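A look at the structure
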Amino acid sequence: GGGSGRDGKSQQGDSGKSVRGGPVSWLSFLLLLVTGGGIIVYYDKEKKRHIEELKNSTNSVKPAQSVGTAAIGGPFTLLNHDGKTVTEKDFLGKWTLLYFGFTHCPDICPDELQKMAAAINKIKEKAKLEIVPVFISVDPERDTVEQVHDYVKEFHQDLIGLTGTSDEVRKVARAYRVYYMKTEEEGSDYLVDHSIVMYVTFSIILSLSFEF
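Cut-offs applied
Residues numbered from 1 in each chain as written. Predicted model: local features only at pLDDT ≥ 70, side-chain atom pairs only at ≥ 80, totals over all residues. Heavy atoms only, no water. Helix = DSSP H or I, 4+ residues; strand = E, 2+ residues; numbered from the N terminus. Contact = heavy atoms within 4.5 Å. Salt bridge = Lys/Arg side-chain N within 4 Å of Asp/Glu carboxyl O. Buried < 20%, exposed > 50% of the residue type's maximum accessible area, 1.4 Å probe, protein only. Core = buried A, V, L, I, M, F, W, Y, C linked by side-chain atoms within 4.5 Å. Phe/Tyr/Trp six-rings, centres within 6.5 Å; stacked < 30°, edge-to-face > 60°. Lys NZ or Arg CZ within 6 Å of the ring centre and 35° of its normal.

1. Some remarks on the side chain of E112
Topologically, E112 is positioned in helix α2 (residues 108-127). Once residues within four sequence positions are removed from consideration, E112 is found in contact with Y99, I196 and M198.

2. Regarding the pattern of salt bridges
Close approach of charged atoms allows side chains with opposite charge to pair. Taken as a whole and judged by the stated rule, the model has five salt bridges. Here E130 makes a salt bridge to K124, at a shortest N to O gap of 3.5 Å. The class of E130 is exposed, set by a relative accessible area of 51%.

3. So, unusual backbone geometry
Within the chain, K128 stands out as a residue other than glycine whose phi angle is a positive 55°. Of note, the phi angle at R177 is positive, near 55°, even though the residue is not glycine. Within the fold, R177 resides in the loop between α4 (166-175) and β6 (180-186).

4. Some remarks on the side chain of H81
Note that H81 resides in the loop between β1 (77-80) and β2 (85-87). Judged by its relative accessible area of 9%, H81 is buried. For H81, the contacting residues outside a window of four places in its chain are V145, V148, H149, V152, K153, L159, I160 and G161.

5. Description of the nonpolar core
Within the largest apolar cluster, 34 residues are counted, with the highest numbers of intra-cluster contacts made by F100, L113, F135, I136 and Y176. Elements represented by at least two residues in this core include exactly β3 (95-101), α2, β4 (131-137), α3 (145-152), α4 and β7 (189-194). With residues up to four places along the chain from it excluded, the contact list for I136 reads L78, L98, Y99, F100, G101, L162 and V172.

6. Digging into the packing of aromatic side chains
Under the defined criterion, the tally for this structure stands at four aromatic pairs. Here Y151 and F155 contribute two aromatic rings whose centre-to-centre distance is 5.1 Å and whose plane-to-plane angle is 65°, an arrangement assigned as edge-to-face. In terms of burial, Y151 and F155 fall into one category: buried. Of the aromatic side chains, those joined through ring pairs into one cluster are F100, Y176 and Y199. In this arrangement the basic side chain of R142 is found over the ring face of Y190, its NZ or CZ atom lying 3.6 Å from the centre. Across the ring face of Y190, the terminal group of K182 is positioned such that the distance to the ring centre comes to 4.4 Å.

Keep in mind that these numbers describe shape and distance, not what the molecule does.
Next up, the structure:
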């Protein structure tokens, strides 16, 4: 009889736990669903708002903002490989292909200038278009007029070599957004780290007059 009573209490206790535990578990689950759903809705709204802001900021950029001074290029004064003063005006009305480098460059500059020579020859052959190749030195300390003269003639008969003072070279490099810096200096022997880029340019003078 006593064992039966203990079993009954035990069963009642177990059933009590299950009854009490059941509603608490379901309530927790329901709260979790509601909270989780709220978080998802919040982040979905935030995501849409962020995308809309990006779209609005993109649309606010007007194509007409490109009107004005060009971002690449500008006035310069240098000496060509024959010692003659040259400015950007000497290339007006001409297609030009510009490369910045230095004559003591061990491999990259020669490779790029060979590519330049091959390109202008191919364009002349296929498109009948004359392009003026131009080499601008970023090593004014060593690249004298004579040094540049001998260097450019190794690559193409039409290649124009330009050099100048440190200030003149710095100015033209800044105008064309070209980086350069001396590295590994050991006495007079050093390399010049620089941007590896070619620019195709065509310059014109636009003269407008208005009468009222």
